[in-house]
Amino acid sequence: MSDTETVKTKTDYLRDVTSQLKEMRHYAQTNTETLSAHWLAFDAGEYKDTEYAGRFDTLLNKQGKLLDDIDEAIQDLEIAINHAEQES
């Protein structure tokens, strides 16, 4: 390490990770909206195909679980940040 590099505190690192997770959540939400559009096209739309509709439904459920897990991780990290700030 050089003298000009600064070492981040744990709180700073938690903030960085939280910010990255929020960005990931944004993109995951966009992906969910795209999957929903494809599901609609195969489920009730112009491409009516129950096999593909079922596949997209499965993907939507997995993506929804991912969004929930990311939200939970963000909340946990924000709590940890608040605790760390109160201790300092």
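Structure's up top.
Bear in mind the structure is a predicted one, so any value in this text is a computation, not a measurement.

Participant: Could you clarify how one ought to interpret the pattern of salt bridges in this entry?
Facilitator: Oppositely charged side chains are able to pair whenever their charged atoms sit close together. Evaluation of the coordinates by the stated rule reveals six salt bridges. As a salt-bridge pair, glutamate 85 and arginine 15 come within 2.1 Å of each other at their nearest N and O atoms. Pair noted here: glutamate 85 is in helix H2 (residues 50–87) and arginine 15 is in helix H1 (residues 10–43), with a separation of 70 residues, a long-range link. Classification of glutamate 85 as partly exposed rests on a relative accessible area of 36%. A salt bridge links lysine 65 to aspartate 69, with the shortest nitrogen-to-oxygen separation between them at 2.8 Å. Of the two residues, lysine 65 and aspartate 69 both sit in helix H2, four residues apart, roughly one turn of that helix. Overall, the relative accessible area of 48% leaves lysine 65 in the partly exposed class. Salt bridges linked by common partners bring Asp12, Arg15 and Glu85 together as one network.

Rules used in this analysis
- Residues numbered from 1 in each chain as written.
- Predicted model: local features only at pLDDT ≥ 70, side-chain atom pairs only at ≥ 80, totals over all residues.
- Heavy atoms only, no water.
- Salt bridge = Lys/Arg side-chain N within 4 Å of Asp/Glu carboxyl O.
- Helix = DSSP H or I, 4+ residues; strand = E, 2+ residues; numbered from the N terminus.
- Buried < 20%, exposed > 50% of the residue type's maximum accessible area, 1.4 Å probe, protein only.

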